[in-house]
Amino acid sequence: MAKLDELRVQIKTDPFIDGKRCKAIASATHTSLNPADQEPIATFALAGAKDMQRAVQAARQAFDSGPWPRMATKERVKILNRFAELIQANATQLGTIEACNVGKLLKECIDHDVARASANIRFFASAVQQQGDETFFNDANFLGKKIKTISVTKRYPIGVAGLIAPWNSPLMLSTWKLGPCLATGNCCVLKPSPWALLSVLQLGELANEAGIPPGVLNIVPGDAEGGKALVTDPLVDRISFTGSVPVGKAIAQANAATRVAPISLELGGKSPTVVFADADLDFAAKGVARGIFRSQGQSCVAGSRLLLQDSVYDAFMQRLLKETESMKIGSQFDPESNIGPLITKQHLEKVEGFIATAIDAGAKLTTGGKRPDDPKLSQGNFLEPTIFEKVTTEMNIWQEEVFGPVLVVMPFGTTEEAIALANDSRFGLSSSVWTTNLERALAVANAIEAGMVWINSHFVRDLRAPFGGVKESGIGSEGGRYSLEFFTQPKMICLPYPVESC
Ligand code: NAD
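Everything numeric here is computed off the predicted structure, so don't read it as measured data.

(A) Quick peek at the domain arrangement of the protein. Per the domain assignment, the segments making up the protein are domain 1 (4–28 + 41–132 + 154–267 + 474–488) and domain 2 (272–462). Here the C-alpha centroids of domain 1 and domain 2 sit 31 Å apart. Contacts between the two partners involve 19 residues from domain 1, matched on the other side by 22 residues from domain 2. Across the interface of domain 1 and domain 2, roughly 1700 Å² is buried in total on both sides, 59% from carbon and sulfur atoms. Interface area lost by domain 1 to domain 2 is led by L105, W167 and W195, which between them contribute 34%. Measuring nitrogen to oxygen at the nearest pair gives 3.1 Å for the salt bridge that ties E108 to R294. Where domain 1 meets domain 2, there are seven residue pairs in polar contact (both at pLDDT 80 or more). Elements that contribute at least two residues to the side of domain 1 that touches domain 2 include exactly α4 (91–102) and α5 (106–130).

(B) Seen up close, the site of the ligand. Near the ligand lie 28 residues; those nearest to it are A165, K191, S244, L267 and E401. Separating an oxygen atom of the ligand from a side-chain N or O atom of S244 is a distance of 2.6 Å. E401 is positioned such that a nitrogen or oxygen atom in its side chain is 2.6 Å from an oxygen atom of the ligand. Relative to its unbound accessible area of 860 Å², the ligand is 89% covered by the protein chains. The set of elements that each furnish at least two residues to the shell around the ligand consists of α9 (224–232), β10 (238–242) and α10 (245–258). Take the shell around the ligand: its biggest share by element is three residues, from α9.

(C) Representation of the packing of α4 against α5 within the structure. Where α4 contacts α5, the axes come no closer than 8 Å and their chain directions differ by 125 degrees. Of the possible angle classes, the one that applies to α4 and α5 is oblique. Judged by the twist between their axes, the crossing of α4 over α5 is right-handed. Where α4 abuts α5, its residues A91, T92, L94, G95, T96, E98 and A99 lie against L106, C109, I110, D113 and V114. In terms of residue class, the contact of α4 with α5 is built from seven nonpolar, three polar and two charged.

(D) Up close: unusual backbone geometry. Not every positive phi belongs to a glycine, and N456 is a case in point at roughly 50 degrees. Looking at the secondary structure, you find N456 in the loop between β19 (452–455) and β20 (470–471). Relative accessible area serves as the criterion here: at 29%, N456 is assigned to the partly exposed category. If you check the backbone angles, K471 has positive phi at about 50 degrees while not being a glycine. With respect to the helices and strands, K471 occurs in strand β20. Using a relative accessible area of 38% as the deciding quantity, one classes K471 as partly exposed.

(E) Region of the structure containing the nonpolar core. Of all hydrophobic cores here, the largest spans 95 residues; its most connected members are L80, F83, I87, L178, L203 and I212. If you tally residues by element for this core, the top one is α5, at 11 residues. Inspection of this core shows a minimum of three residues originating in each of domain 1 (4–28 + 41–132 + 154–267 + 474–488) and domain 2 (272–462). If sequence neighbours within four positions are ignored, L80 has contacts with W68, I121, A125, L182, A183 and I212. Residues L307, I355, V391 and V444 belong to the second largest nonpolar core, which totals 29 residues.

(F) Representation of the side chain of T153 within the structure. Considering the arrangement of structural elements, one finds T153 in strand β6 (residues 145–157). Given the relative accessible area of 17%, T153 is considered buried. In this structure, T153 is in contact with D133, E134, F136, P490, K491 and M492, ignoring residues within four places of it in sequence.

(G) Representation of the sheet that holds strand β12 (residues 272–275). If you trace the seven strands from one edge of the open sheet to the other, you get β14-β15-β16-β13-β12-β18-β19, paired in mixed fashion. For this open sheet the edge positions go to β14 (364–367) and β19, each flanked by a neighbour on one side alone. If you compare each strand with its neighbour and ignore which way they point, the axes differ by 25 degrees on average. Bridge analysis of β12 against strand β18 (residues 430–434) gives three bridges, and the strand direction is parallel. Within β18, the residue paired with V274 across the bridge is V433. Seen against the sheet, helix α16 (residues 438–447) touches β18 and β19 and runs at an angle of roughly 165 degrees to β19.

(H) Examining the state of the cysteines more closely. Within this structure, the stated rule accounts for zero disulfides. In this model C181 remains outside any disulfide bridge; the closest cysteine sulfur is found in C188, 4.4 Å from its own. By relative accessible area, which is 0% here, C181 ends up buried.

(I) Local environment of the sheet that holds β6. Strand order across the open sheet formed by three strands is β5-β6-β22, with antiparallel pairing between neighbours. Looking at which strands have only one partner, the edges of the open sheet turn out to be β5 (134–142) and β22 (488–497). Geometrically, the sheet is characterised by an average inter-axis angle of 30 degrees between neighbouring strands, direction not taken into account. As judged from the 10 bridges shared by β6 and β22, these two strands associate in the antiparallel manner. Each bridged residue has a counterpart across the sheet, and for S151 the counterpart in β22 is C494.

Basis of the calculations
- Residues numbered from 1 in each chain as written.
- Predicted model: local features only at pLDDT ≥ 70, side-chain atom pairs only at ≥ 80, totals over all residues.
- Heavy atoms only, no water.
- Domains from an automatic or database assignment.
- Contact = heavy atoms within 4.5 Å.
- Buried area = accessible area lost by both parts, 1.4 Å probe.
- Salt bridge = Lys/Arg side-chain N within 4 Å of Asp/Glu carboxyl O.
- Polar contact = N/O pair within 3.5 Å; in protein donor to acceptor, adjacent residues only side chain to side chain.
- Helix = DSSP H or I, 4+ residues; strand = E, 2+ residues; numbered from the N terminus.
- Near = heavy atom within 4 Å.
- Areas by Shrake-Rupley, 256 points an atom, 1.4 Å probe, with all protein chains shown as cover.
- Axes fitted to C-alpha atoms, helices over the stretch in contact; angles between N-to-C directions.
- Parallel < 35°, antiparallel > 145°, perpendicular 65-115°, else oblique.
- Left-handed = near helix turned anticlockwise from the far one by under 90°.
- Nonpolar A, V, L, I, M, F, W, Y, C, P; charged D, E, K, R; others polar.
- Buried < 20%, exposed > 50% of the residue type's maximum accessible area, 1.4 Å probe, protein only.
- Core = buried A, V, L, I, M, F, W, Y, C linked by side-chain atoms within 4.5 Å.
- Pairing = 2+ DSSP bridges.
- Disulfide = S-S within 2.5 Å.

Have a look at this one:
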């Protein structure tokens, strides 16, 4: 593929530390393969503890004595806006790398993921300027004298942040952390997932070109070992993690054992989609299919459990199956494709394992469940969009996050039953409710245990709103002021007045 050959030449694979590319000390390597055909894209060193230490030290020095945290906010904002522009100006290259590495559809990578990456930086550059300091006036007593006070609450950057991202939307999720972290004057080490980090690694040169000083943004391609070194490094002040529940728990333990610092954990989901009989069934069927099958179901907020009111069960299933079975599976570079390949063979096999277990447990495989027959796709990690019916709440396929194109369907009778089924999960990330009755929509949205509820929609985002989960889906929220607060530390400065009364 000509595009891939061109890309191979352009892709930078070395760690980006202190404003420059440097050879990794660690000797282990990883080769990224195009998930559509297993063609190698690039090989890079998997940074170990020493590489991570080097990156953390660069960030520490940049924070302790460099210009970034001391710069006027408006200067930082100018640089970050330039960074955002450069990301957008390189949309074709970054989007092509992302599609090739992750298997997401090219159009989605360019039009959505890269655009969002640029928007993330621009959004936080703007939001940080709205962040005001608070002032409180009070009457108090001090050493027997009546005084008046002004307490100013000012927010300061926290120092060095360790940012850890998963593989499913590397550019979008990394910049979602970078934006608020950098806008508030911090320095950081970003560790994306070895499965999909090629796009993120390219940000180094763009950061330099934008004028971000050396050491402020360090990008290190490590695996779990690199991640462990980052979260236990005493020079790191705060960890922001997005990934799976088990790794989130391990990071929380490591954090508690090494430092007293807030961490943010954005973890997995098993999100319910609730369709009531009074929904616009044609629209809802399209929405439900998109909610689960977009990005091959490899999305934390994928609507992977469908709760369907029994009076419209058959009518809705007919529509949903039509939507599902008309999806074209193919290369992420084919503009006709609706479903691309899964990230790796290993992940495909894991998803197939969930399917086999569900069949063994007695669930009814309604559609999909296997690799496509098309011989042209035989080398890729392709899987047909899959739907299971006749599941029970004890089944793995109901309880566990599959992170693939697999939907389970469960009928319900009353609104109360729907709410109980929706909440029958250790996760609580997102949910969607489909109904034309506004009162019901709001009542169900209030009762569902989730950090986010969409009504008659899915995936729609306002960057000011909180993004995060409850229960095992995480700790904390990202977005707007929630992110700005996470990356800053408030300090109260109390000034008594008039001064003679002190
Ligand atoms: P993962 O937990 O396996 O890995 C995430 C990151 O952590 C990677 O960079 C990995 O190298 C690193 N890591 C692994 N072990 C580590 C350790 N012990 N210490 C420090 N770092 C370590 O997750 P994944 O497979 O990359 O991503 C899929 C998961 O991410 C799914 O569960 C998905 O729901 C979740 N996710 C959540 C959100 C959200 O916003 N809530 C968004 C996207 C993905």
